[in-house]
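Each chain, written out:
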Amino acid sequence: MLVNRKLILAHFWFAFAVFGVALTLGAWQMFIRSPIGTWLSNPELYYRSLTAHGTVMGYVFPTLVAMGFGYAISESALEQRLVGVRWAWAGFWLIVGGSIMAVIPIALGRASVLYTFYPPLIGNLFYYLGVVLVVVGSWIWVALMSINLRVWRKAHPGAPVPLAMFANVAGSYLWAWTAVGAALELLLQIIPVAAGLKATIDAGLARVFFSWTLHAIVYFWLMPTYIAYYTIVPRAIGGRVYSDNMARIAFILFLVVAMPIGMHHTFADPQVGAGFKFVHSAFTALVTLPTFLTVFTICASVEIAARLRGGRGMFGWIRVLPWDNPMMLALAFSFVMLGFGGAGGLINMSYQLDASIHNTQWITGHFHLIFGGAIVIMYFAIAYDLWPHLTGRELNDLRLIRTQLWLWFIGMIVTTFPWHWVGILGMPRRMAYFDFGDPAIAPQALSVTFSAIGGFILLASGILFLVILARGMRAPQAEAGSYRFAVAVHQSATVPVALNTHALWVALMIALTITNYGYPILTLATTEGTSVPAVYVGAQ
Amino acid sequence: MSARDLFTFRNPHFTRGVGITAAILIVTAIVGFIVLPFAQPWVQFANVWDAICSAAGVPQRLAGVAAPEQAKRLSEVVLTSHTLSRPSQEAIGRGATLAQRCAICHGPTGLSRADSPNLAGQYAAVIYKELHDFRSGARTNAVMSPFAVNLTDQEIADLSDYYAFLPRLPAYHPTPQLPKPSIVIYGAPMRGIAPCGSCHGSLDNKTGSPWLEGQSEAYLKAQLQAFASGERRNDISQQMRNIARAMTPQEIEQAAAYYASQPPDIVKAVD
Ligand code: HEM
Ligand SMILES: [Cu+2]
């Protein structure tokens with residue numbers, strides 16, 4: 001039951017439109033600092049572009065996808081009209097307004113502070129206010145998801161919440177709490193300085209606040225992808241979810257262990273004690289648990305589909321999988337990229353190994369592979385799967401869709417593998433210019449050239465994606481039927497309370513945040529003399 | 001399915017969830033705050049509490065370590081966003097009167113006919129900082145220092161406002177405009193040199209960096225050499241010494257010649 005299709009389409013279209021713009025900027029960045037581009041002579045233009053690219057790709061695009069998908073899940077999994085449609089539109093328009101408000105100062109060169117804000121750099125006030133509006137808009141969505149679930153529970157006392165909605169609400173709670181760190185940084189530290197009320201800023205404390213957000217935001221980006229793994233892929237390829245409870249455990253584990261671990265982003269920071277770094281590092285290692293649970297459950301679910309199709313043997317079943325189905329292809333690509341990206345992540349989270357790749361191009365290569373690759377390719381898959389239900393028109397050029405997915409996969413590998421490599425060789429990140437004529441980095445010219453070519457492949461794939469969706473708006477009408485999610489092999493009539501509600505896990509998430517962040521934040525906030533003068537961008 | 005059934009030790013999920021989480025937290029805390037600190041043979045802790053405090057990052061003052069003696073004075077200038085904000089007409093007027101003493105060398109319009117630096121339209125923060133540094137001895141020059149030693153804070157602020165207020169005029173060293181040398185456009189990333197313009201005003205201005213366009217070639221060259229040799233050391237955190245030391249003698253010549261040949265109107269305005 002998808003009633004508010006316009007609302008969902010609006011979210012997706014705005015998300016994909018800004019994605020297209022930011023993707024073009026990404027390809028340009030990669031090109032202009034590679035040996036095949038000629039240097040602009042002005043690093044400022046590069047940082048404008050980088051700020052816009054990061055802000056859109058990090059804050060606007062995935063948030064809108066999660067929201068649009070969330071509304072679709074709420075209506076179709078609960079089979080209940082969305083409660084609070086006006087609020088949902090208000091949230092959407094806040095995000096549109098906030099994005100525009102943030103992008104104007106960036107374009108004018110007044111906010112080239114990069115999406116991580118980089119205090120003590122301080123940019124134009126409206127940039128930060130725009131980001132705040134985006135977050136506020138998304139919090140409306142969080143509240144709506146919770147309210148809709150509550151309304152449904154009233155009507156279905158004691159019934160198991162459909163897995164898709166259970167996971168969706170878990171994701172929304174994770175985001176609500178995660179965003180608090182950056183919100184505190186913006187409201188207590190950065191905005192007072194940007195507004196001219198203060199002239200100094202405690203950059204160390206600001207970084208700790210930001211780390212609160214920076215790690216778990218990644219898991220918020222990941223949620224739609226995981227929901228698609230569990231609840232769309234098995235249905236789309238004719239299989240079943242291997243275990244419903246296993247899926248629930250994976251999602252609640254993300255709540256508990258994804259949140260209080262952000263200090264692995266401050267390993268190199270002197271203002272944080274080594275003991276806390278270790279605790280955060282250890283909890284980070286636990287994230288492998290829900291990740292492996294997922295890989296196992298999904299592989300088993302896919303195997304079920306293969307066996308149902310008559311697949312045999314230890315590995316023989318892999319051959320009979322429906323490889324011409326875009327969902328199968330997307331899943332396979334996503335898993336390959338998740339595998340490589342995850343292996344790289346193990347290096348980043350290790351306190352000592354991190355030192356060798358800290359702030360190098362390895363990091364940017366890593367998160368493009370896992371975020372731009374493993375996660376975003378499933379966003380494409382979600383859009384393809386939902387589109388006929390949203391537009392009431394068919395989307396049947398499967399060849400074009402497969403080409404698009406292949407191009408994204410190939411482009412991502414060609415871009416990110418050499419990107420990791422130059423990082424290991426020590427090339428720093430966030431640099432506007434590299435002098436490849438210098439013998440010290442001349443050998444890296446070839447790798448960077450490959451990355452630049454990969455960037456254009458990705459751009460081509462992104463354009464193709466938009467073309468496919470746009471053509472889908474004009475295709476002949478067709479009734480797509482009701483939107484369904486995968487069912488489990490054993491769909492039990494009851495689920496333990498702890499796996500049907502979020503309260504316990506949200507409580508643990510907050511408790512761990514207090515134990516893991518409380519002391520460092522308190523001492524930094526109360527220690528005198530830790531603030532430094534702000535450095536204003538584009539001003540004297 | 002009420003909160004009472006969930007948050008109770010009769011619920012095995014609750015007991016296990018909370019128990020396992022607490023156990024992991026305690027184990028990692030013991031390892032991180034006690035075991036690992038003591039595993040570092042190069043650090044000595046008086047007792048367990050000492051180790052915990054160190055691992056928690058409790059701010060501590062090291063006893064018995066004196067700050068290293070500075071052979072020469074360093075810059076002590078502090079500039080806040082209020083120091084020079086919105087100059088009044090009176091301040092500029094007072095500055096103009098005071099500046100008469102300076103005109104013999106820096107020119108009546110703030111433009112020097114000799115090799116003294118031009119001051120007309122220089123950023124106020126720069127004049128302010130350099131005068132303070134001459135006064136405190138952080139920057140020394142046999143010709144210039146005597147004129148700064150007796151200035152008061154107010155006089156320095158007024159002079160800064162006055163010179164910043166003057167229009168930027170073409171300099172007295174008319175040479176054909178030279179093309180940008182690579183050290184100016186690109187800097188030298190492998191030697192840690194950012195493009196000069198990213199601090200000095202043609203791309204962006206970092207507070208305290210003077211614009212250089214139209215200064216005399218001899219002056220610019222002398223300053224770069226002074227930074228390189230460490231003779232001039234009033235730049236905060238060695239921003240400019242680190243750069244000058246990494247420059248080759250040719251690059252110093254090229255940069256000085258280039259900047260001397262430029263008109264000052266390409267410099268970014270002060271907001
Ligand atoms: C055509 C494909 C893309 C290319 C060529 C590209 C290129 C780049 C480059 C060159 C950087 C700067 C790296 C540095 O710090 O030196 C960057 C940063 C970034 N990219 Fe991309 N990108 C692409 C797609 C994406 C996608 C799909 C996403 C996520 C959805 C993404 C998210 C980000 C983020 C969050 C940053 C960090 C910005 C910062 O460091 O402030 N990019 N990208
Ligand atoms: Cu992280």
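Residues numbered from 1 in each chain as written. Chains lettered and ligands numbered in written order. Predicted model: local features only at pLDDT ≥ 70, side-chain atom pairs only at ≥ 80, totals over all residues. Heavy atoms only, no water.

Draft legend 1. Quick peek at the overall build of chain B. The helix and strand inventory of chain B stands at 13 helices and zero strands. In chain B, the succession of α and β elements from N to C terminus is α-α-α-α-α-α-α-α-α-α-α-α-α. Taking all 271 residues of chain B together, 42% fall into the buried category. Sequence separation of 24 or more characterises 66% of the internal contacts of chain B that already satisfy a separation of 6 or more. (Helix = DSSP H or I, 4+ residues; strand = E, 2+ residues; numbered from the N terminus. Buried < 20%, exposed > 50% of the residue type's maximum accessible area, 1.4 Å probe, protein only. Contact = heavy atoms within 4.5 Å.)

Draft legend 2. Structural context of the nonpolar core. Ranked by size, the top nonpolar core spans 180 residues in total, and within it A:F12, A:Y71, A:Y127 and A:Y128 carry the most contacts. Sort the elements by how many residues they give to this core and helix α6 (residues 203-231) of chain A lands first, with 18 residues. Excluding residues that lie within four positions of it along the chain, A:F12 makes contacts with A:V65, A:G68, A:F69, A:I382, A:L386, A:W387 and A:L390. Core analysis: the second largest hydrophobic core is formed by 24 residues, B:L98, B:L131, B:A148 and B:Y162 among them. (Core = buried A, V, L, I, M, F, W, Y, C linked by side-chain atoms within 4.5 Å.)

Draft legend 3. Examining a nonpolar patch on the surface more closely. A surface patch of nonpolar side chains, about 450 Å² in accessible area, is lined by A:M314, A:F315, A:I318 and A:W323. Counting through the fold element by element, A:W323 comes out in the loop between α10 (288-308) and α11 (326-349). (Patch = residues over 30% accessible without salt bridge, like charges linked within 9 Å, V, L, I, M, F, W, Y side chains within 5 Å. Areas by Shrake-Rupley, 256 points an atom, 1.4 Å probe, with all protein chains shown as cover. Salt bridge = Lys/Arg side-chain N within 4 Å of Asp/Glu carboxyl O.)

Draft legend 4. Structural view of the coordination of the iron atom of ligand 1. Residue and element names in this part refer to chain A. Note on the iron atom of ligand 1: its protein donors are H53 (NE2) and H368 (NE2). The metal-donor distances range over 2.0 Å. Coordination geometry of the iron atom of ligand 1: the six donor atoms subtend angles of 84 to 179 degrees at the metal centre, consistent with an arrangement described as octahedral. With H53 in helix α2 (residues 43-78) and H368 in helix α13 (residues 361-391), this pair connects stretches of sequence that are 315 residues apart. The class for H53 is buried, based on a relative accessible area of 11%. (Donors = N, O, S within 2.8 Å, 3.2 Å for Na, K, Ca; no water. Tetrahedral: all angles 85-135°; square planar, octahedral: opposite > 155°, others 65-115°.)

Draft legend 5. Quick peek at the site of ligand 1. Residue and element names in this part refer to chain A. Taken together, 27 residues lie around ligand 1, and H53, Q361, H368, R429 and R430 are the ones closest in. Between ligand 1 and H53 there is a distance of 2.7 Å, counted from a nitrogen atom to a side-chain nitrogen or oxygen. Within the contact set of ligand 1, a nitrogen atom lies 2.7 Å away from a side-chain nitrogen or oxygen of H368. Residue assignment for the shell around ligand 1 shows that the elements contributing at least two residues are α1 (5-32), α2, α13, α14 (398-424) and α15 (445-472). Take the shell around ligand 1: its biggest share by element is seven residues, from α13. Tallied by class, residues from the shell around ligand 1 come to 15 nonpolar, nine polar and three charged. (Near = heavy atom within 4 Å. Polar contact = N/O pair within 3.5 Å; in protein donor to acceptor, adjacent residues only side chain to side chain. Nonpolar A, V, L, I, M, F, W, Y, C, P; charged D, E, K, R; others polar.)

Draft legend 6. Representation of the coordination of the copper ion (ligand 2). Residue and element names in this part refer to chain A. Protein coordination at the copper ion (ligand 2): the donors are H215 (ND1), H264 (NE2) and H265 (NE2), at 1.9 to 2.1 Å from the metal. The motif formed by the donor residues of the copper ion (ligand 2), counted along the single chain, is H-x48-H-H. With relative accessibility at 11%, the residue H264 sits in the buried group.

Draft legend 7. Fine view of α6(A). Residue and element names in this part refer to chain A. Helix length check: α6 (29 residues) gives 42 Å between terminal C-alpha atoms against 42 Å at 1.5 Å per residue, within 8%. Maximum bend of α6: about 35 degrees, positioned at L222, with proline P224 one to four residues after it. Counted residue by residue, α6 has 27 buried out of 29 residues, so it is predominantly covered. (Expected span 1.5 Å × (residues − 1). Bend = angle between axes of the 7 residues up to and from the residue.)

Draft legend 8. Quick peek at the packing of aromatic side chains. Residue and element names in this part refer to chain A. Overall, the coordinates contain 49 aromatic pairs over all chains when judged by the stated rule. When the centroid spacing of 6.0 Å and the interplanar angle of 50 degrees are considered together, the rings of F19 and W408 count as tilted. Linking F19 in helix α1 with W408 in helix α14, this pair joins segments that are 389 residues apart in sequence. W408 matches F19 in its accessibility class, with the two residues each being buried. Centroid distance Y46 to Y47: 5.5 Å. Interplanar angle 85 degrees. Geometry classified as edge-to-face. Clustering of aromatic rings is evident, with ring pairs tying together F12, W13, F16, F19, F61, Y379, F380, Y384, W387, W408 and F465. The residue whose ring lies beneath R235 is Y483, and the NZ or CZ to ring-centre distance is 5.2 Å. Across from the ring centre of F166, 5.1 Å away, lies the NZ or CZ of R248, which sits over that ring. (Phe/Tyr/Trp six-rings, centres within 6.5 Å; stacked < 30°, edge-to-face > 60°. Lys NZ or Arg CZ within 6 Å of the ring centre and 35° of its normal.)

Draft legend 9. Representation of the interface of chain A and chain B within the structure. Each partner contributes residues to the interface: chain A has 43 residues there, and chain B has 35 residues. Carbon and sulfur atoms make up 75% of the surface buried where chain A meets chain B, a total of about 3,400 Å² over both sides. Joining chain A to chain B, the criterion identifies zero salt bridges. Taken together, the links from chain A to chain B amount to two residue pairs in polar contact (both at pLDDT 80 or more). Taken together, the elements giving at least two residues each to the side of chain A that touches chain B come down to α9 (274-286), α16 (497-500) and α17 (503-526) of chain A. Among the elements that take part in the side of chain A that touches chain B, α17(A) stands out by supplying 10 residues, more than any other. (Buried area = accessible area lost by both parts, 1.4 Å probe.)

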